[in-house]
Amino acid sequence: MAKLENLKTNLSLPYAKIHPSIDPEADPNSYSLEKFRLYETRARYYLIGSDRNKKFFRVLKIDRSEPSDLNISEDPVLYSPQEIKNLLQRIAEGNRATGGLNFVAKVFGIVGCIKFLESYYLILVTKRQQIGSICGHAIYSIDESQLITVPHVSVQSDIAHSKTELRYKKLLSSVDLTKDFFYSYTYPIMQSLQKNVLAMGEERMPYDNIFVWNAYLTQAIRSRCSNTIWTIALVHGHFKQIRLSIFGRDFSVTLVSRRSRHFAGTRYLKRGVNDRGRVANDVETEQIILDEEAGSCKGKMSSVVQMRGSIPLFWSQEASRFSPKPDIILQRYDPTYQATKLHFEDLAKRYGNPIIVLNLIKTVEKRPREMMLRREFAHAVGYLNAILSEENQLKFIHWDFHKFAKSKSANVLAVLGAVASEALDLTSFYYSGKPSLVKKRANQLNRTSTGRDASLRDLRGKSGDLVKIGSGSENSNSLTSREREGDLSQQIKTDNCDGDPPRFQSGVLRTNCIDCLDRTNVAQYAYGLAALGRQLHAMGLTDKPKVDPDSSIAAALMDMYQSMGDALAQQYGGSAAHNTVFPERQGKWKATTQSREFLKSIKRYYSNAYTDGEKQDAINLFLGYFQPQEGKPALWELDSDYYLHVSGAGDDLFPDKCVEDNVKPLGVVGKILAPIPACREDFSRMKLTSFDKLIERTCSSIKNVRLCSEPDQRTGGPTANSGVAPDAA
């Protein structure tokens, strides 16, 4: 980790173009403020913000004389260290009669502000810790945060101290910002490396992104200041970075998981899809490989993105104190699968095509639970493929993970690795390449460098002539991302014949089981391992596009995915992830593993039955889905939060910007929408006695169904055994 902080990088950021000491007339809103000091007088709070090196300062004034309004004003002046010292002395002198100027806290950014019934509160980061670095841009987690009441105590009414107000404060404080939240001042960590490279001309942190959890909390400050320099954009999920070496060549592996703020919540309270096509537990996972010089003109980098999300149908499970496995209920009859269609259109906008669906739920059960959802999901995919153009059709892979894993000779990771390999053939991955003509431009930019870490502007240069192509704002607005990628590859072929051409990912592998936790995490590791081999090979670190599953690098990657799986399972399900595949691979004693899994089951059951309700309330409050109002029912008095997530304010913050609006949606061939008869029978939870009949009825309507085979058998030529998984459809 220490080496990561010393990555040799040499260009300025798009958010901090030129240091003010060099160009004092530059736009002050483009700078990055990283260190703050909060002072108070009776009438105001003064937040003094500075850059990392404390060479220039800005001032934010917050009025404390209004009990229920938020009055914020930003001083337009850019101060030097001596000027800010003089200013604070003058403020202290002017307020001597009312108690003077007092230091409150050392701060590292504003998480946001919120109002319950009367007073506004500021949520501040008071301690941080660097957990990694991407191309020289530091990534931080929060060690301590503080909730500060804005109005002075002398102007507050009794409402500010009421039981309801205090309960809201306690509820908000139950969202633990020190756990699984991370941010960066200078790198848009809420977006993939590929998207950041291709994002031309964007000067501010994209708070409208679906992975920014404090978008609602920061909206008031950002709109009043017309910038994003005072607030930090928090991503919720998991961040892990390790340093590895192959034959003396160092590189870093970073695993970033981002949870969507839409339809977010806990396991039994958020299932399936909502009316807008948002699914529960929507998590994007990015695997980034950086060499020692990533971010400079010499370095190479690569990333690959996959995602997990609940089955996009209207279904639920009622949390029960009496049953650890409550019944699955198909809630609504949606004959034209509109919500499912919206979900896959959203994925196509976010990632491009093809969308590959890997469904790991059961096909055979004594009492139909998962198999009922499997059948309905198959109908949905078949129905949508019938109305989609051929190039936009969904690739559907169903594989009964549990059934195959019960076999003594089962090699679950080998089968999933074969699926991953086929998916990567279709989607590819991002690789920066190493164009030769970029060096001259990078050296020119070096002269305007201010000693700050590597810039995304430089990263764009590494992917061909991106700076030149994206120089006009009309270009970046008119081109779709797919068109841009095509133009880029063409430009690179013509201009950079003797460099490695970059690659871009188009499409995504979407994996789900019932909870998108346990089985899904094993499948995501298999995909990550297959991708790692290709990434290392493309970057010239290995001579084969495959990593030995028994190597130390594979073991290190398994640890990372295991850690990620536990974190995501804790957030959504209330316990660490269930897993027998990884412990077996790691050679752990079976009896120990079984007892550990049993304890996880108990912990998850307790969390789902007793504590998830309050956890969901806290999430709804934090994300802005519920906004308290005097005279209306309190959050904990509502029977259901269904309407909050369908029409709530939190989802409506940026209705048109939550996905890339410059990418074409799924194309629809002009076919008439008509219900499939089997859907109505499924909706009434029809029981099927014959597994063969089930397969026949569900698979007949699916296009692009693929078989999974062992990778070593596949390469053995026509004489080798097919190795088809017995229940792969």
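Residues numbered from 1 in each chain as written. Predicted model: local features only at pLDDT ≥ 70, side-chain atom pairs only at ≥ 80, totals over all residues. Heavy atoms only, no water.

### A look at the overall build of the protein
For the record, the criterion: Numbering of helices and strands runs from the N terminus, with a helix taken as a DSSP run of H or I at least four residues long and a strand as a DSSP run of E at least two residues long. Only protein chains enter the accessibility calculation, which uses a 1.4 Å probe. A residue is then buried if its area is under 20% of the maximum for its type, exposed if over 50%, and partly exposed in between. Each accessible area is a Shrake-Rupley estimate made with a 1.4 Å probe; only the visible protein chains count as cover when residues are assessed.
The secondary structure content of the protein amounts to 22 helices and 19 strands. For the protein, buried positions account for 59% of its 729 residues. As presented, the protein carries roughly 30000 Å² of accessible surface, and 50% of it is formed by carbon and sulfur atoms.

### Section: the environment of Met301
With respect to the secondary-structure elements, Met301 resides in strand E13 (residues 301-308). We classify Met301 as buried; its relative accessible area is 0%. Spatially, the C-alpha atom of Met301 lies 4.6 Å from that of Leu290, the residues being 11 residues apart in sequence.

### Observations regarding the packing of helix H15 (residues 518-538) against helix H16 (residues 552-573)
Stated formally: Axis lines are fitted through C-alpha atoms, for helices just across the contact stretch, and the angle between N-to-C directions can take any value from 0 to 180 degrees. Take the far helix as the reference: if the near one is turned anticlockwise from it by less than a right angle, the crossing is left-handed, and if turned clockwise, right-handed. Here, residues are in contact when the closest pair of their heavy atoms is within 4.5 Å.
Here H15 crosses H16 at 145 degrees, and the two axes come no closer than 10 Å. For the crossing formed where H15 meets H16, the hand is right-handed. Contacts from Asn521, Gln524, Tyr525, Gly528, Leu529 and Leu532 in H15 reach Ile553, Ala554, Leu557, Met558, Tyr561, Gln562, Met564 and Gly565 in H16.

### Description of the pairing of strand E17 (residues 395-398)
Put simply, the test is: The pairing criterion for strands is at least two bridges between them, as found by DSSP.
Along E17, one buried face is formed by Lys395 and Ile397 and the opposite face, lined by Phe396 and His398, is buried too. Sheet topology note: the strand E16 (residues 355-359)/E17 ladder contains four bridges and is parallel. For Val357, the partnering residue across the bridge sits in E17 and is Phe396.

### A few points about the pattern of salt bridges
What counts is decided by this rule: The salt bridge criterion pairs a side-chain nitrogen of Lys or Arg with a carboxyl oxygen of Asp or Glu, the two atoms within 4 Å.
Evaluation of the coordinates by the stated rule reveals 14 salt bridges. Measuring nitrogen to oxygen at the nearest pair gives 3.0 Å for the salt bridge that ties Glu370 to Arg519. Taken together, the residues Glu370 in helix H7 (residues 370-387) and Arg519 in helix H15 connect sequence positions 149 residues apart. Here the two residues Glu370 and Arg519 agree in accessibility, since each one is buried.

### A short note on the confidence of the model for the protein
Our working definition: The pLDDT score gives, residue by residue, the confidence of the prediction method on a 0 to 100 scale.
Of the residues in the protein, 67% reach a pLDDT of 70 or more, and the chain-wide mean stands at 75. Counting contacts from residues 654-729, a segment whose pLDDT is below 50, to residues more than four positions away or on other chains yields 156 contacts.

### Quick word on the sheet that holds strand E4 (residues 72-79)
Across the sheet, which stays open at both edges, the five strands sit in the order E4-E3-E2-E1-E5 with antiparallel pairing between neighbours. Each end of this open sheet is capped by a strand with a single partner; those strands are E4 and strand E5 (102-107). Sheet twist, expressed as the mean angle between neighbouring strand axes with direction ignored, is 20 degrees. In this sheet, strand E2 (residues 44-50) lies alongside strand E1 (residues 35-40) in antiparallel orientation, the contact comprising six bridges. By the bridge assignment for E2, Arg37 is matched with Ile48. On top of the sheet, helix H2 (residues 81-94) reaches E1, E2, strand E3 (57-63) and E4; it is set at about 135 degrees to E4, its chief contact.

### Things to note about unusual backbone geometry
Between Asn353 and Pro354 the backbone carries a cis peptide bond, its omega angle lying at 5 degrees. Here Pro354 lies in the loop between helix H6 (338-351) and E16. Of note, the phi angle at Cys135 is positive, near 55 degrees, even though the residue is not glycine. Within the secondary structure, Cys135 is located in the loop between strand E7 (120-134) and strand E8 (137-149). At Ser428, a residue that is not glycine, the phi angle is positive and equals roughly 60 degrees.

### Quick notes on H6
Keep this limit in mind: Here the expected length of a helix is defined as 1.5 Å per residue gap, with one fewer gap than residues.
Its 14 residues place the ends of H6 20 Å apart at the C-alpha level, agreeing with the 20 Å of an ideal helix rising 1.5 Å per residue. Most of H6 is tucked away, with 11 of its 14 residues classed as buried. Turning to H6, its buried residues are Ala339, Thr340, Lys341, His343, Phe344, Glu345, Asp346, Leu347, Ala348, Arg350 and Tyr351. On its buried side, H6 packs onto strand E12 (283-291), E13, E16, H7 and strand E19 (508-512). Positioned one or two residues after H6, Gly352 has a phi angle of 85 degrees, which is positive.

### Quick notes on the environment of Thr266
Looking at the secondary structure, you find Thr266 in the loop between strand E11 (249-259) and E12. Distance from Thr266 to Ile619, taken between C-alpha atoms, is 9.0 Å for residues 353 residues apart in sequence.

### Focus on the nonpolar core
Our working rule: Nine residue types can take part in a nonpolar core, namely buried Ala, Val, Leu, Ile, Met, Phe, Trp, Tyr and Cys, and a core is a set of them joined through side-chain atoms within 4.5 Å.
Core analysis: the largest hydrophobic core is formed by 105 residues, its most contacted members being Ile134, Ile189, Phe251, Leu373 and Leu416. Setting aside residues up to four positions removed in sequence, Leu416 forms contacts with Leu358, Leu360, Trp399, Phe401, Val522, Ala523 and Ala526. Ranked by size, the runner-up nonpolar core spans 33 residues in total, among them Val175, Leu234, Leu621 and Phe622.

### Some words on the packing of aromatic side chains
Each aromatic ring pair is characterised by the separation of its centres together with the angle its planes make. Heads up, the condition is: Here the aromatic set is Phe, Tyr and Trp, taking the six-membered ring for Trp, and pairing holds for ring centres within 6.5 Å; pairs whose planes are under 30 degrees apart are stacked, those over 60 apart are edge-to-face, and all others are tilted. In this scheme, the term charge over a ring applies when either NZ of a lysine or CZ of an arginine sits within 6 Å of the ring centre and within 35 degrees of the ring normal.
Taken as a whole and assessed by the stated rule, the structure comprises 17 aromatic pairs. Ring geometry for Phe116 versus Tyr121: centroids 5.4 Å apart, planes at 40 degrees, classification tilted. Each of the two residues, Phe116 as well as Tyr121, counts as buried. Taken together through their ring pairs, the aromatic side chains of Phe116, Tyr121, Tyr168 and Phe626 make up a single cluster. Taking NZ or CZ as reference, Arg64 lies 4.2 Å from the ring centre of Tyr45, over its face.

### Quick word on helix H5 (residues 215-225)
The buried count for H5 comes to eight of 11 residues, which makes it a mostly enclosed element. Along H5, the residues classified as buried are Ala215, Tyr216, Leu217, Thr218, Ala220, Ile221, Arg222 and Cys225.

### Here's the deal with the packing of H6 against H7
Defined as follows: Oblique is the label for any angle not covered by the other classes, which are roughly parallel (under 35 degrees), roughly antiparallel (over 145) and roughly perpendicular (65 to 115).
Running from amino to carboxyl end, H6 crosses H7 at an angle of 70 degrees, the nearest separation of the two axes being 10 Å. On the basis of their axis angle, the class for H6 and H7 is roughly perpendicular. Every pair of crossing elements has a handedness; the one defined by H6 and H7 is right-handed. Between H6 and H7, the contacting residues are Thr340, Lys341 and Phe344 on the first element and Phe377, Ala380, Leu384 and Ile387 on the second.

### Some remarks on the state of the cysteines
In a disulfide, the sulfur atoms of two cysteines are covalently bonded to one another. Cut-off, in case you're wondering: Cysteine sulfur atoms that pair up within 2.5 Å are treated as a disulfide.
Under the counting rule described, the total for this entry stands at zero disulfides. The thiol sulfur of Cys516 is not disulfide-bonded, and the nearest other cysteine sulfur, from Cys513, lies at 5.5 Å.

### Remarks on the side chain of Thr511
Residue placement: Thr511 occurs in strand E19. Here Thr511 falls in the buried class, since its relative accessible area comes to 0%. Not counting chain neighbours up to four residues away, the residues in contact with Thr511 comprise Met307, Arg308, Gly309, Leu358, Leu360, Thr520 and Ala523.

### Examining the environment of Asp176
Which entries qualify depends on this criterion: Contacts described as polar in this section are N or O atom pairs within 3.5 Å, which, within protein, must combine one atom able to donate a hydrogen with one able to accept it, while residues neighboring in sequence count only if both atoms come from side chains.
As for its position among the elements, Asp176 is in the loop between helix H3 (163-173) and strand E9 (181-183). Judged by relative accessible area, Asp176 falls into the partly exposed class, the value being 38%. Remark: the alpha-carbon pair of Asp176 and Ser145, spanning 31 residues in sequence, is separated by 9.1 Å. A distance of 2.5 Å separates polar atoms of two side chains, one belonging to Asp176 and the other to Thr178.

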